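# An overview of the molecular structure
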Protein chains: 2
Amino acid sequence: MPLPQTEMPGRLQAHFAERGIRITQQRRAILQVMETASKHLDASQLLRKAKKIDASVDRSTVYRTLRLLKRQGLIDELDLMHLNGEKHYYERKLNRDHIHMACLRCGKIMEFVSDVFETLKGEVEKDCRFHIVVSRLEIGGYCASCSK
Amino acid sequence: MPLPQTEMPGRLQAHFAERGIRITQQRRAILQVMETASKHLDASQLLRKAKKIDASVDRSTVYRTLRLLKRQGLIDELDLMHLNGEKHYYERKLNRDHIHMACLRCGKIMEFVSDVFETLKGEVEKDCRFHIVVSRLEIGGYCASCSK
DNA sequence: GCTATTGTCGCAACTGGTCGCAACTGCAAT
DNA sequence: ATTGCAGTTGCGACCAGTTGCGACAATAGC
Ligand SMILES: [Mn+2]
Ligand SMILES: [Mn+2]
Ligand SMILES: [Zn+2]
Ligand SMILES: [Zn+2]
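The present account deals with the structure reproduced in this document. (Residues numbered from 1 in each chain as written. Chains lettered and ligands numbered in written order. Predicted model: local features only at pLDDT ≥ 70, side-chain atom pairs only at ≥ 80, totals over all residues. Heavy atoms only, no water.)

In any sheet, the strands associate via hydrogen bonds between backbone groups, in a parallel or an antiparallel arrangement. Residue and element names in this part refer to chain B. Taken in spatial order, the three strands line up as β1-β3-β2 in an open sheet, and their pairing is antiparallel. Taken across any chain shown, the strands that pair with only one partner, and hence form the sheet edges, are β1 (41-42) and β2 (75-78). Here four bridges tie β2 to strand β3 (residues 89-92), and the two strands are oriented antiparallel to one another. Note that in β3 the partner of I75 across the bridge is R92. (Pairing = 2+ DSSP bridges. Helix = DSSP H or I, 4+ residues; strand = E, 2+ residues; numbered from the N terminus.)

This part takes up the coordination of the manganese ion (ligand 2). All names here are of chain A. At this site the manganese ion (ligand 2) is bound by H40 (NE2), E91 (OE), E91 (OE), H98 (NE2), H100 (NE2) and E111 (OE), with donor distances of 2.0 to 2.6 Å. One can describe the donor arrangement at the manganese ion (ligand 2) as irregular, given that its six donor atoms subtend angles of 54 to 174 degrees at the metal. Taken in sequence order, the residues that donate to the manganese ion (ligand 2) follow the motif H-x50-E-x6-H-x1-H-x10-E. Linking H100 in strand β4 (residues 99-103) with E111 in strand β5 (residues 109-112), this pair joins segments that are eleven residues apart in sequence. (Donors = N, O, S within 2.8 Å, 3.2 Å for Na, K, Ca; no water. Tetrahedral: all angles 85-135°; square planar, octahedral: opposite > 155°, others 65-115°.)

A few words on the protein's contact with DNA strand C. If you check the shell around DNA strand C, you find 20 residues, and the closest are A:R59, A:Y63, B:S56, B:T61 and B:R64. For DNA strand C, the fraction of atoms within 4 Å of the protein that belong to sugar or phosphate moieties is 66%. One of the side-chain N or O atoms of B:S60 is found 3.3 Å from a base nitrogen in DNA strand C. Between a base nitrogen of DNA strand C and a side-chain N or O atom of B:R64, the distance comes to 2.9 Å. Of the residues assigned to the surface near DNA strand C, the class counts are three nonpolar, seven polar and ten charged. (Near = heavy atom within 4 Å. Polar contact = N/O pair within 3.5 Å; in protein donor to acceptor, adjacent residues only side chain to side chain. Nonpolar A, V, L, I, M, F, W, Y, C, P; charged D, E, K, R; others polar.)

Below is the structure:
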């Protein structure tokens, strides 16, 4: 089962500079956390980690920076089936979209890259004349070990 | 006061009866709203409409009933790309899954049924040995009239 | 119909995400 | 280096969703 290829250690901060977006102390801390994160951070985890780098970082700034990163297409927002409450999860956008699967029993999160998914998106673009910017496929169910 | 109990119960209420789930005045009101809704209600709209049928319905009961309906597989929960804040939208689960597309410019929501989507889910079940219970594909982008 | 059982409800307190505002700061022009 | 200012921040108030609890009401059994 194919896994998503990890992006080069590219810099979120570089994207900001290129697009003339102001780089503040707080944003630097938040971006650094997002860069180095093992995936799927939620907002409060992100806040806690960013505070370790710059203690002045406030909750609102985390949410505002997440919104900015989303608008810039640099991160994806996930529900992961809301297995643990309503919160959302964030991960750096990779070269290729991937599907997320969440096991409703053990809570494991799996990722899957598929050509059929690409085909499906192509179909939507053609049949609906819809120009896709972002797409998100999340599946809930039972993983191999839990479905026995 | 709630409507008379002799009123023709909808499918949701029938499902509750079959499964031995207690049918209360408040739930009857909420189910009735979900049955007759043109789609994609959010929680506060649902609360407002349900209160018109039974004024005693409380916010918590709406959320608890939504959770119950989700667990029973009777409704789907959608983000619709969080075009209007973080809230979630709900719709009755239909015979066949469909994709949701949201236009980032005009806000229009479109639905699309695709065999390729079914193929993709089949692939996930087979390749990942994952038993799918619920799936949700949401796409953000620009509709035909907005992408010119 | 009446009562006992137990699931559900409304309420109020709490948590997590948002927003308006005044203070601050990154950055670029001098 | 200094200055000027738009963009950004922390803060506090606010709003939406959750939870624990005592009161209540839907059902089953009499
Ligand atoms: Mn969501
Ligand atoms: Mn992922
Ligand atoms: Zn599992
Ligand atoms: Zn549009």
